[in-house]
Amino acid sequence: MRRTLPHWSGTLAAKAAAFITVMCCALAALLGVLVHVQVTNQTVGQARDQALQRLTQATERYEAGDSLKRGAGVDPPGLPRPLRNLAVGGDRGTMVSDFQGQPTMWAAGPADGDRALAVAVDYSHQARTIQGLDRAILWSSGLAIGATLLVGAFAVTRVTRRLHTTALVARRISAGDLDARVNDPRTDPRTKDPARPQDEVAAVAAALDSMASSLQGKLLAEQRFTADVAHELRTPLTGLHAAAELLPPSRPTELVRDRVAALRTLTEDLLEISRLDTGRERLELDTELLGPLAQRVVRGAGSDTEVRVVRDVAVETDRRRLERVLGNLVANAHKHGRGPVVLTVDGPVVTVRDHGDGFPEYLLAHGPQRFRTEGGAKGHGLGLTIALGQAEVLGARLEFANAPDGGAVATLTLAAEER
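It should be emphasised that the depicted structure is a prediction, and the values quoted were computed from it without experimental measurement.

**Brief notes about the pattern of salt bridges**
Logical step 1: Across all of its chains, the model carries eleven salt bridges by this definition.
Logical step 2: With a shortest N-O distance of 3.9 Å, arginine 319 and glutamate 288 are connected by a salt bridge. Of this pair, arginine 319 sits in helix α7 (residues 319-336) while glutamate 288 is found in strand β5 (residues 286-289), placing the two residues 31 residues apart along the sequence.
Logical step 3: On the basis of relative accessibility, which here comes to 14%, the residue glutamate 288 falls in the buried class.
Logical step 4: The shortest N-O distance in the salt bridge between glutamate 306 and arginine 308 comes to 2.9 Å.
Logical step 5: For arginine 308, a relative accessible area of 41% puts it in the partly exposed group.
Logical step 6: Each member of the salt-bridge network shares a partner with another, and the members are Glu288, Arg296, Arg319 and Glu323.

Right under this line is the structure:
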């Protein structure tokens, strides 16, 4: 089973702080060990030289038959056994050990009769010096690590704050706010310092702002094109409709009138989408009961749709827009699904379900897309796109799903006051 890491471990600031801490600790440990080894070798070397020098003097006095000074003697008590064995074997050496509770530097050499001549030098001062050095290294390393970590955390936090701002702007753009910009002062020609190089975060922010501006321009051009085409089509279609009404009754006349009506509906849909794209739609709010409103929509559609009112509520909404949303959902269910089609009102939640093949995967993943078709199947046209846009204007939530036992389910959730 894979172990799950805590949420904070994935942030750039936490990773940078951990990296800085590990590197500071490693560097402090390396420098501390080097300083400790160097000073210890120097201190021990000086003490060893002093002990060997006293051993030489003691040997001269011992050979001359003079009395030995304090701290020197033959096989004195406390002499470490390894050092005595070395001296009895004919060699001279030194060794540090505790003697009478104090660190002592011993120096020993051979004497007559398999005995060892040794001197003891107080080593407590040198030991305290090394201990003080170790404490100083630990304290200075801790302070250096803390200061470096604070400075590093401050620098990384500034970078991550700018990255979070860039990510927030990217999410706003993806949500439809095409006016959102990072506006990093490091990329603004009015505030940018020419002598200061542009860092990577500023480059990302500049690229995001450039992408947003380009995307906004293309979408605005598309919206203008859609609106212009729809407006230009209305005039000839009006004339075509009038001409079709003058044709004598016949089967071809019915076909012409049917296609003209379809073109007029498509043109009106395009105009409605262009108005929704501009984001300038205004609500005309009124209080409506959802149950009667849903039944009115079904009667107006003239389709065989069952209306179930589980729990009726009053909603403050734009009646025309809400009827447009429900009408499009019902029409889409009959056109692209199979019966029975059921419209259910359960409080502020309205569902429209058919028993066909369900919504395609692309629609469930990305929402309605204009004139999208896939695998040779019929696309869902503009009806669901308009329904989603009008729901957003109403402040409602429109979701699309497939029922477990088959069929498409569109769920509209509104804010309501129960009665």
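**Section: the packing of aromatic side chains**
Logical step 1: Evaluation of the coordinates by the stated rule reveals two aromatic pairs.
Logical step 2: Taking the centre distance of 5.4 Å and the plane angle of 75 degrees together, the rings of phenylalanine 99 and tryptophan 106 count as edge-to-face.
Logical step 3: Judged by its relative accessible area of 2%, tryptophan 106 falls in the buried class.
Logical step 4: Ring plane angle 85 degrees and centroid distance 5.3 Å describe the contact between phenylalanine 359 and phenylalanine 400, whose orientation is recorded as edge-to-face. Within this pair, whereas phenylalanine 359 is found in the loop between β9 (349-353) and α8 (361-366), its partner phenylalanine 400 is found in strand β10 (residues 397-402), the two being separated by 41 residues in sequence.
Logical step 5: A relative accessible area of 7% places phenylalanine 359 in the buried class.
Logical step 6: Judged by relative accessible area, which is 14%, phenylalanine 400 ranks as buried.

**Topic: the sheet that holds β10**
Logical step 1: Across the sheet, five strands lie side by side as β6-β8-β9-β11-β10; this open sheet has mixed pairing. Both edges of this open sheet fall to β6 (305-311) and β10, since each of them pairs with a single strand only. Strand-to-strand, the axes of this sheet are offset by a mean angle of 15 degrees, without reference to chain direction.
Logical step 2: The sheet contact formed by β10 and strand β11 (residues 408-413) spans six bridges and is antiparallel. Of the residues in β11, the one forming a bridge with asparagine 402 is alanine 408.
Logical step 3: Across the face of the sheet, helix α6 (residues 290-301) comes into contact with β6, β8 (341-346) and β9 while running at roughly 180 degrees to β6.

**A few points about the UniProt feature "transmembrane region" (unreviewed entry) in the protein chain**
Logical step 1: If you check UniProt for "transmembrane region" (unreviewed entry), the listed places come out as residues 12-35 and 136-156 in our numbering.
Logical step 2: Spanning residues 136-156, this segment combines 100% helix with 0% strand, and its end C-alpha atoms are found 29 Å apart.

**A look at α6**
Because each turn of an α-helix spans 3.6 residues, side chains separated by three or four positions in sequence point in the same direction.
Logical step 1: Under the 1.5 Å per step criterion, the end-to-end length of α6 is 16 Å for twelve residues, consistent within 8% with the ideal 16 Å.
Logical step 2: Within the sequence span of α6, burial applies to Leu290, Gly291, Leu293, Ala294, Val297 and Val298.
Logical step 3: Residues of α6 that are buried make contact with β5, β6, β7 (313-317), α7, β8 and β9.

**Concerning the packing of α7 against helix α9 (residues 383-394)**
For any two helices packed against each other, one specifies the crossing angle of their axes together with the interaxial distance.
Logical step 1: Across the interface, α7 lies against α9 with an axial gap of 9 Å and an inter-helix angle of 150 degrees. With respect to their mutual orientation, α7 and α9 come out roughly antiparallel. Considering how the two elements wind past one another, α7 and α9 form a crossing that is left-handed. Where α7 abuts α9, its residues Arg321, Leu322, Arg324, Val325, Asn328, Leu329 and Asn332 lie against Gly383, Leu384, Ile386, Ala387, Gln390, Ala391, Val393 and Leu394.

Calculation rules
The residue numbering used here restarts from 1 in each chain and proceeds along that chain's sequence as written. Note on the predicted model: pLDDT of at least 70 is required for a residue's local features to be given, and 80 or more for side-chain atom pairs to be given and counted; whole-chain, interface and lining totals, by contrast, use all residues. With hydrogens and water set aside, each side-chain value is computed from the structure's full complement of heavy atoms. Basic side-chain nitrogens of Lys or Arg form a salt bridge, by our definition, when they fall within 4 Å of a carboxyl oxygen of Asp or Glu. Only DSSP runs of H or I covering at least 4 residues are called helices, and only runs of E covering at least 2 are called strands; the numbering of each starts at the N terminus. Partly exposed residues are those whose accessible area sits between 20% and 50% of the maximum for their type, while under 20% is buried and over 50% is exposed, using a 1.4 Å probe and protein chains only. Two rings from Phe, Tyr or Trp (for Trp, the six-membered ring) form a pair when their centres sit within 6.5 Å of each other. Planes less than 30 degrees apart are called stacked, planes more than 60 degrees apart edge-to-face, and all others tilted. When DSSP finds two or more bridges between a pair of strands, those strands are recorded as paired. Orientation is described by lines fitted to C-alpha atoms, with helices fitted over the stretch in contact, and by angles between N-to-C directions that extend from 0 to 180 degrees. In what follows, residue pairs with any heavy atoms lying within 4.5 Å of each other are defined as contacts. UniProt positions are given in the numbering used here, feature names are shortened, and annotations may be inferred rather than shown by experiment. Here, expected helix span is obtained from the residue count minus one, scaled by 1.5 Å. Angle categories are assigned with fixed cut-offs, so that under 35 degrees is roughly parallel, over 145 is roughly antiparallel, 65 to 115 is roughly perpendicular, and the rest are oblique. A crossing counts as left-handed when the near helix is turned anticlockwise from the far one by less than a right angle, and as right-handed when that turn is clockwise.

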